[in-house]
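Descriptive analysis of the structure
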Amino acid sequence: MTEFFAGIDRIAHEGPESTNPLAFRHYDPDEVVLGKRMEEHLRFAVAYWHSLAFEGLDPFGGRTFDRPWYGDDMDHARLKADVAFELFSKLGVPYFCFHDADVRPEGASHAESTARLNAIADHFETKMAETGVKLLWGTANLFSNRRFMAGAATNPDPDVFAYAAATIKANMDVTQRLGGENYVLWGGREGYETLLNTDLGAELDQMGRMLSLVVEYKHKIGFKGAILLEPKPQEPTKHQYDFDVATCYGFLKRYGLEDEVKVNIEVGHAFLAGHSFEHELAMARTLGIFGSIDMNRNDIQCGWDTDHFPNDPREATLAYYQILKAGGFTTGGTNFDAKIRRQSLDPVDLFHGHILGMDTCARGLKAAAAMIGDGTHDAFVADRYAGWQGAEAQAMLKGERSLDQIADRVISEGIEPQPRSGRQEYLEGLVNRFV
Ligand code: XLS
Ligand code: NI
Ligand code: NI
């Protein structure tokens, strides 16, 4: 074990009264919530890219962090892995997530890049066995290298499609070998910068084919995890095809993949699509494709994906309410796709970020569980739709009445609907009772 975070011990739960910034006040892995340990509910993961690979860049400036593992060779990559596992263990998170490009330097050829990925995976195997930390999901970075500037699956050049397919295969193999519980596809370059140079129909078919290949390969190698699409409407590309959950569902239906693929929903991406996070979660659970979450938040004043750590217990409550309603996570979990700010220079800042995020989520989970246990909200919604349980309402819904039969009944019974209050402010206050 490295001692990069010297002086920081494993973070303990000290309870809400604690003033120790390096302790959890709300996250207690062993506390039982709705019959399950908190650790099993939340299934926290650290994102390798933000916490280990991000160097503090912004559009106007370069590296602000200073870390001994920055460098372009395998020795640095191994040091980075050692520090990563020190961080995971000291935080006490059960999982991590990574892209190939986060963990190994790019090689001179596809074969060399894959060999390097496999060598780091060997190292991960040892560290995972040592620490008990598991892989929530793996993924391929198909957006940073210039070869992918016009897309990976949706590139006009079929050689790029083939290169991307080979890269996905290598990453699925590694994910499976490491016991990864999901495989994620986020299409940051799958979209267009201008319609003037884009054949939309061709690109959608290419993307549908790639996803079908991924699903076929999953079955071929017996990968037990879930395949997850991560919706995002734009950034880096002007328009991305995986715009939001509903758009992804339409895409999956079109290519016959709706029973094979689920979604990994990110807070900031929901926001960019003009939705709330809970909207995206509710949509996914309703459509039966809820998989996992990337937990973070956006700075409301800036219009891009800022990936702050979550800090708002009320937002977390509404999110975990939807997640609990969806039955909770199965293969999915809470991945902190979040980074510390570029002025947060010190190693300890990585702890402050994750402790903030983990405590915020724990508060949200507990509040959501209390809201469910109380039952007032559920009862309110059930009552609002209670009329639909009536015999005539059910007959309409089941397709047993035609438009003209319904019209005849409205006239014969003299139906005059009576509007009822939606009680929004009452419900907003109800939520606040639990936060
Ligand atoms: C970028 C995405 C990315 C995915 C993984 O906005 O959130 O980090 O989660 O490729
Ligand atoms: Ni993400
Ligand atoms: Ni993102």
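It should be noted that the structure appears before, not after, this text.
From a predicted model like this one, the values you see are computed outputs, not experimental measurements.

**Here we look at the coordination of the nickel ion (ligand 3)**
Within the protein, Glu266 (OE), His269 (NE2) and Asp305 (OD) serve as the donor atoms for the nickel ion (ligand 3), at 2.1 to 2.4 Å. The sequence pattern describing where the donors of the nickel ion (ligand 3) fall on their chain is E-x2-H-x35-D. Between the nickel ion (ligand 3) and the nickel ion (ligand 2), the interatomic distance is 3.8 Å, and Glu266 donates to each metal, bridging them. Taken together, the residues span a long stretch of sequence, with His269 in helix α9 (residues 267-272) and Asp305 in the loop between β13 (290-295) and α11 (313-325) at a distance of 36 residues. According to the relative accessible area criterion, Asp305 is buried, its value standing at 7%.

**Digging into the packing of aromatic side chains**
Applying the stated rule across the entire model yields 25 aromatic pairs. Considering the side-chain rings of Phe85 and Phe88, the 5.0 Å spacing of their centres and the 70 degrees angle between planes classify their relative orientation as edge-to-face. Of this pair, Phe85 and Phe88 both sit in helix α3 (residues 74-91), three residues apart, which is roughly one turn of that helix. An aromatic cluster is present here, built from Tyr48, Phe85, Phe88, Phe96, Phe98 and Phe124 joined pairwise through their rings. The ring of Phe65 carries the charged tip of Arg67 above its face, separated from the ring centre by 4.8 Å. Over the aromatic face of Phe54 sits the side chain of Lys339, whose NZ or CZ is 4.9 Å from the ring centroid.

**Points about the coordination of the nickel ion (ligand 2)**
At this site the nickel ion (ligand 2) is bound by Glu230 (OE), Glu266 (OE), Asp294 (OD) and Asp337 (OD), with donor distances of 2.0 to 2.1 Å. Here the nickel ion (ligand 2) is ringed by six donor atoms whose angles at the metal span 81 to 174 degrees, and the overall shape comes out octahedral.

**Remarks on the pattern of salt bridges**
For side chains of opposite charge, pairing can occur when their charged atoms come near one another. Taken as a whole and assessed by the stated rule, the structure comprises 28 salt bridges. In this structure, the salt-bridge partner of Asp30 is Arg37, at a minimum N-O distance of 2.7 Å. With a relative accessible area of 23%, Arg37 lands in the partly exposed category. Salt-bridge contacts for Lys232 lead to Asp305; the nearest nitrogen and oxygen are separated by 2.8 Å.

**Comments concerning the site of ligand 1**
Around ligand 1 lies a shell formed by Trp49, His99, Trp137, Phe143, Trp186, Glu230, Lys232, Glu266, His269, Asp294, Asp305 and Asp337. Within the side chain of Lys232, a nitrogen or oxygen atom sits 2.8 Å from an oxygen atom of ligand 1. One nitrogen or oxygen atom from the side chain of Asp294 is found 2.9 Å from an oxygen atom belonging to ligand 1. Here ligand 1 has 290 Å² of accessible area as a free molecule, and 94% of this is covered by the chains. Of the residues contributing to the shell around ligand 1, the split by class is four nonpolar, two polar and six charged.

**Focus: the sheet that holds β13**
Pairing is parallel around the closed barrel formed by eight strands, whose spatial order is β5-β6-β7-β8-β10-β12-β13-β14. Going across the sheet, the axis of each strand differs from the next one's by a mean of 30 degrees, ignoring polarity. Summarising the sheet, strand β8 (residues 182-185) and strand β10 (residues 226-229) pair through four bridges and their orientation is parallel. Its bridge partner lying in β10, Leu185 is registered against Leu229.

Procedures and definitions
- Residues numbered from 1 in each chain as written.
- Chains lettered and ligands numbered in written order.
- Predicted model: local features only at pLDDT ≥ 70, side-chain atom pairs only at ≥ 80, totals over all residues.
- Heavy atoms only, no water.
- Donors = N, O, S within 2.8 Å, 3.2 Å for Na, K, Ca; no water.
- Helix = DSSP H or I, 4+ residues; strand = E, 2+ residues; numbered from the N terminus.
- Buried < 20%, exposed > 50% of the residue type's maximum accessible area, 1.4 Å probe, protein only.
- Phe/Tyr/Trp six-rings, centres within 6.5 Å; stacked < 30°, edge-to-face > 60°.
- Lys NZ or Arg CZ within 6 Å of the ring centre and 35° of its normal.
- Tetrahedral: all angles 85-135°; square planar, octahedral: opposite > 155°, others 65-115°.
- Salt bridge = Lys/Arg side-chain N within 4 Å of Asp/Glu carboxyl O.
- Near = heavy atom within 4 Å.
- Polar contact = N/O pair within 3.5 Å; in protein donor to acceptor, adjacent residues only side chain to side chain.
- Areas by Shrake-Rupley, 256 points an atom, 1.4 Å probe, with all protein chains shown as cover.
- Nonpolar A, V, L, I, M, F, W, Y, C, P; charged D, E, K, R; others polar.
- Pairing = 2+ DSSP bridges.
- Axes fitted to C-alpha atoms, helices over the stretch in contact; angles between N-to-C directions.

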